[in-house]
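Breakdown of the fold
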Amino acid sequence: MTKTSRKTPRRLPEDDKPRRKPKFEAERNPPPIIPRTENQSLFLEALRSSEQIIVTGPAGCGKTWIPATWAADRLRAGEIDKVIITRPAVSAAKGIGFLPGTLDEKFLFWCQPVVEAMSERMGKAAFEIALKNGQIELAPMEYMRGRSFHDAFVLVDEVQNLTPHEAKMLMTRMGERCQVVLNGDIQQCDLKEGSGLRAIVHLAKKYSIPVPIIEFTMDDIVRSDLTAAWVKAFYREGL
């Protein structure tokens, strides 16, 4: 009987072997944050050099996206131990308890703009792991009293809906090696009483507190031309 010879598969040279990209490679190596306006450049410079930054302006200026992306990059690079995301859940004061899930899952609904920006930057899996192991914390403003923050990046969104009393409580929570960004749009305040953001800006200017204040205008809206058109229309009508 004639034996059938088996051909040995040809081995590819090392350089010719198809290489599988590491998992989440694209998420770990995103492009740098590129400012699109002069005020965005000032914001990024403040993030590089200041412990506290106050940011005001209309929707679509990047005042949430920029610090969320900045925080994701610093966390991924090991430059900070933790990112804390908080905001006043104004309408949640009566309704958040009725949402299903844990406190994080309930509050996640209110932090979607920040969560989406960080998740996109880090990759969904990496974000969820960081959230699970405590490197990212979602902290409702109602639970901030009595705490101190160290070695963390604290992003406070929708600050226009802080009361002046809550603003005072928040600004005295920050400890060593802690960077905090407070952003909001005073024109979108949902409170009947005074806005904490307005109070913070007033005090920082009146007493020359060395905290940069980035004041975006309608000329800084980069989300879309239609967004800019709507913001300007509502503003001109006083709505």
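This text goes with the structure placed above it.
Quick summary incoming for the structure in this document.

Definitions and limits used
Residues numbered from 1 in each chain as written. Predicted model: local features only at pLDDT ≥ 70, side-chain atom pairs only at ≥ 80, totals over all residues. Heavy atoms only, no water. Helix = DSSP H or I, 4+ residues; strand = E, 2+ residues; numbered from the N terminus. Buried < 20%, exposed > 50% of the residue type's maximum accessible area, 1.4 Å probe, protein only. Areas by Shrake-Rupley, 256 points an atom, 1.4 Å probe, with all protein chains shown as cover. Core = buried A, V, L, I, M, F, W, Y, C linked by side-chain atoms within 4.5 Å. Contact = heavy atoms within 4.5 Å. Pairing = 2+ DSSP bridges. Axes fitted to C-alpha atoms, helices over the stretch in contact; angles between N-to-C directions. Phe/Tyr/Trp six-rings, centres within 6.5 Å; stacked < 30°, edge-to-face > 60°. Nonpolar A, V, L, I, M, F, W, Y, C, P; charged D, E, K, R; others polar. Lys, Arg positive; Asp, Glu negative; His and termini not counted. Salt bridge = Lys/Arg side-chain N within 4 Å of Asp/Glu carboxyl O. Parallel < 35°, antiparallel > 145°, perpendicular 65-115°, else oblique. Left-handed = near helix turned anticlockwise from the far one by under 90°.

Turning next to the overall build of the chain. Of regular secondary structure, the chain possesses 10 helices and six strands. Each of the 239 residues in the chain was classed as buried or not, and the buried ones make up 43%. By element, 53% of the accessible surface of the chain is carried by carbon and sulfur atoms, the whole surface being about 15,000 Å².

Let us now look at the nonpolar core. Counting residues in each nonpolar core, the largest one holds 37 residues, and the members touching the most others are F43, L47, V83, M118, I136 and F153. By residue number, the principal contributor to this core is helix α3 (residues 65-76), which donates six residues. Apart from the residues lying within four places of it in its own chain, the contact partners of I136 are L75, V83, I85, M118, M122, F127, A130 and L131.

Let us look at the pairing of strand β5 (residues 178-184). Burial analysis of β5 places seven of its seven residues in the buried class, which makes it a mostly covered element. Relative to β5, strand β1 (residues 52-56) runs parallel, the two being bridged by five bridges. Paired with I53 across the strands is V181, a residue of β5. Where strand β4 (residues 152-156) lies against β5, five bridges are found, and the strand directions are parallel. Across the sheet, A152 pairs through a bridge with C178, a residue of β5.

Looking now at the sheet that holds strand β3 (residues 136-138). With respect to topology, six strands assemble into an open sheet ordered β3-β2-β4-β5-β1-β6, the strand pairing being parallel. With one partner strand each, in any of the chains shown, β3 and β6 (213-215) form the two edges of the open sheet. Averaged over all pairs of adjacent strands, the angle between their axes in this sheet comes to 15°, without regard to strand direction. Contacts between α3 and the sheet are confined to β2 (82-86), β3, β4 and β5, with β4 contributing the most and set at about 165° to the helix. In the packing of helix α9 (residues 196-206) onto the sheet, the strands contacted are β1, β5 and β6, and the crossing angle to β1 comes to about 120°.

A full pass over the atoms with the stated rule returns two aromatic pairs. Each ring, one from F43 and one from F216, has its centre 6.2 Å from the other, and the planes form 70°; the classification is edge-to-face. Residue F43 is located in helix α2 (residues 38-49), and its partner F216 is located in the loop between β6 and α10 (225-236); the two are separated by 173 residues in the primary sequence. By relative accessible area, which is 6% here, F216 ends up buried.

Let us now look at the packing of helix α6 (residues 112-122) against helix α7 (residues 124-132). It is the contact of α6 with α7, at a shortest axis distance of 6 Å, that shows an interaxial angle of 120°. Residue-level inspection shows V115, M118, S119 and M122 of α6 in contact with α7, the latter providing K124, A126, F127 and A130. In terms of residue class, the contact of α6 with α7 is made up of six nonpolar, one polar and one charged.

Attention now goes to the side chain of R173. In this structure, R173 sits in the loop between α8 (164-171) and β5. Despite its burial, R173 pairs with no opposite charge, the nearest such side chain being E166 at 12 Å. If near-sequence neighbours (up to four positions away) are discounted, R173 is found in contact with M144, G146, R147, S148 and F149.

Our next topic: unusual backbone geometry. Leaving glycine aside, a negative phi is the common case for residues, and trans is the common case for peptide bonds. At D151, a position not held by glycine, the phi torsion is positive, near 50°. For E158, which is not glycine, the phi dihedral falls at a positive 55°. Summarising the element assignment, E158 is placed in the loop between β4 and α8.

Our focus in this paragraph is the packing of α3 against α6. Interaxial distance between α3 and α6 falls to 8 Å at its minimum, and their mutual angle equals 45°. The orientation of α3 relative to α6 falls into the category oblique. Judged by the sense of rotation from one axis to the other, the crossing of α3 with α6 is right-handed. Residues W65, A68, T69, A71, A72, D73, L75 and R76 of α3 form the contact with α6, whose participating residues are V114, A117, M118, R121 and M122. Residues of the contact of α3 with α6, tallied by class, amount to nine nonpolar, one polar and three charged.

With the rule as written, the count across this model stands at eight salt bridges. With a closest N to O distance of 2.6 Å, R177 and D151 form a salt bridge. Here the residue R177 occupies a position in the loop between α8 and β5, and D151 occupies one in the loop between β3 and β4, the gap between them amounting to 26 residues. You can call R177 exposed: its relative accessible area is 57%.

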